[in-house]
Structure formats: structure tokens, C-alpha cells
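Observations on the three-dimensional arrangement
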Amino acid sequence: MEIDVISEEENPMLHRTDVTFELIHDEATPSRLQVRDSLAAKLNKDADEVVVRQLDTKFGMRKTVGNAKVYETADDAADVEQDYMLERNKIGVEAEDDAEAEPEEA
């Protein structure tokens, strides 16, 4: 899978950069999490700081165009993004699962 960043637009008010990218893939369209991890690696960011908003693949094509929000910190992402988008991108889910797994002492 090859990712090319088409455009980047700074949004300092929300502590993020809006990124439009193009993805070339050999097989089926990659999952949102695979795209998020690859885009984070390309931008030298942590995966929890990248929220993939949209992936659009035309029928029969091996090219996908997508939009993502790249935050300065994972906390900024959690403050700004809606809960369903955080859940889709698996941001903050591991921390919540660990907290639920540990029983509280009385």
C-alpha cells in the first residue's frame, strides 16, 4: 500500500491538520485502521493522533481517496472528535478496556 498526501491544511484553533490523501493498493481496500497506521507512520505521528474521516474507492479501482484529521496530541483528538469517530478509529478504546478489566478494591 502506497500513500501520497495530496493536501494539508493547518487548523490551529483545533490543534490539528486536515489531510487529504491518495492510497494505491494491490488487493481489496485496506481497513480504516490499516490506513490510519500507515498514514501516521508517513507523517511521523502516533496512531492515536490520526482520525481517518472518509475513504472513497471507486468500483473496480485500486485507488482510494481519503480525508483525515491529524491532531497534535491524542488528548486533542479526544476533546474535539465525536465519540463514534473515536470508536471507529479505536482511539482511547484500549485505555477504557483496561480500566473495565481491573476490579475496584473496596
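The coordinates are above.
A brief structural summary.

About the thresholds
- Residues numbered from 1 in each chain as written.
- Predicted model: local features only at pLDDT ≥ 70, side-chain atom pairs only at ≥ 80, totals over all residues.
- Heavy atoms only, no water.
- Helix = DSSP H or I, 4+ residues; strand = E, 2+ residues; numbered from the N terminus.
- Buried < 20%, exposed > 50% of the residue type's maximum accessible area, 1.4 Å probe, protein only.
- Contact = heavy atoms within 4.5 Å.
- Salt bridge = Lys/Arg side-chain N within 4 Å of Asp/Glu carboxyl O.
- Pairing = 2+ DSSP bridges.
- Core = buried A, V, L, I, M, F, W, Y, C linked by side-chain atoms within 4.5 Å.
- Polar contact = N/O pair within 3.5 Å; in protein donor to acceptor, adjacent residues only side chain to side chain.

1. Description of the environment of Tyr71
- When you line up the elements, Tyr71 lands in strand S4 (residues 63-71).
- By relative accessible area, which is 1% here, Tyr71 ends up buried.
- Once residues lying within four places of it in the same chain are set aside, the contact partners of Tyr71 are Leu14, His15, Arg16, Lys45, Glu49, Val51, Asp76, Ala77, Val80 and Glu81.

2. So, the pattern of salt bridges
- Tallied over the entire structure, the rule returns eight salt bridges.
- For the salt bridge of Asp18 with Arg16, the shortest nitrogen-to-oxygen distance reads 3.1 Å. Accessibility classification places Asp18 together with Arg16 in one group, the buried group.
- Through salt bridges with shared partners, a single ionic network connects Arg16, Asp18, Arg53, Lys69 and Glu81.

3. A word on the pairing of S4
- Taken together, the nine bridges between strand S2 (residues 16-24) and S4 define a ladder with antiparallel strand orientation. Counted as the bridge partner of Ile24 is Lys63 from S4.
- Across seven bridges, the pairing between strand S3 (residues 50-57) and S4 is antiparallel. By the bridge assignment, Gln54 is partnered in S4 with Asn67.
- From the end of S3 to the start of S4, which pair antiparallel, there are five residues, and Gly60 there has a positive phi angle of about 80°.

4. Describing the nonpolar core
- Formed by Ile3, Val19, Phe21, Leu23, Val35, Leu39, Ala40, Val50, Val52, Ala68 and Val70, the largest nonpolar core amounts to 11 residues.
- Mapped by element, the contributors of at least two residues to this core are S2, helix H1 (32-42), S3 and S4.
- Those residues within four positions of Phe21 in sequence are excluded, and the remaining contacts are Ile3, Asp4, Val5, Ile6, Val35, Leu39, Leu55, Thr64, Val65, Gly66, Asn67 and Ala68.
- Among the nonpolar cores identified, the runner-up in size contains six residues, and Val51, Ala77, Met85 and Ile91 belong to it.

5. Some remarks on the environment of Lys42
- Its place among the elements puts Lys42 in helix H1.
- Under the relative-accessibility criterion, Lys42 is labelled partly exposed at 45%.
- Distance from Lys42 to Ile3, taken between C-alpha atoms, is 7.8 Å for residues 39 residues apart in sequence.
- Among residues more than four places away in sequence, those in contact with Lys42 are Ile3, Asp4 and Val5.
- In terms of polar contacts, Lys42 uses its side chain to reach the backbone carbonyl oxygen of Ile3, at 3.4 Å.

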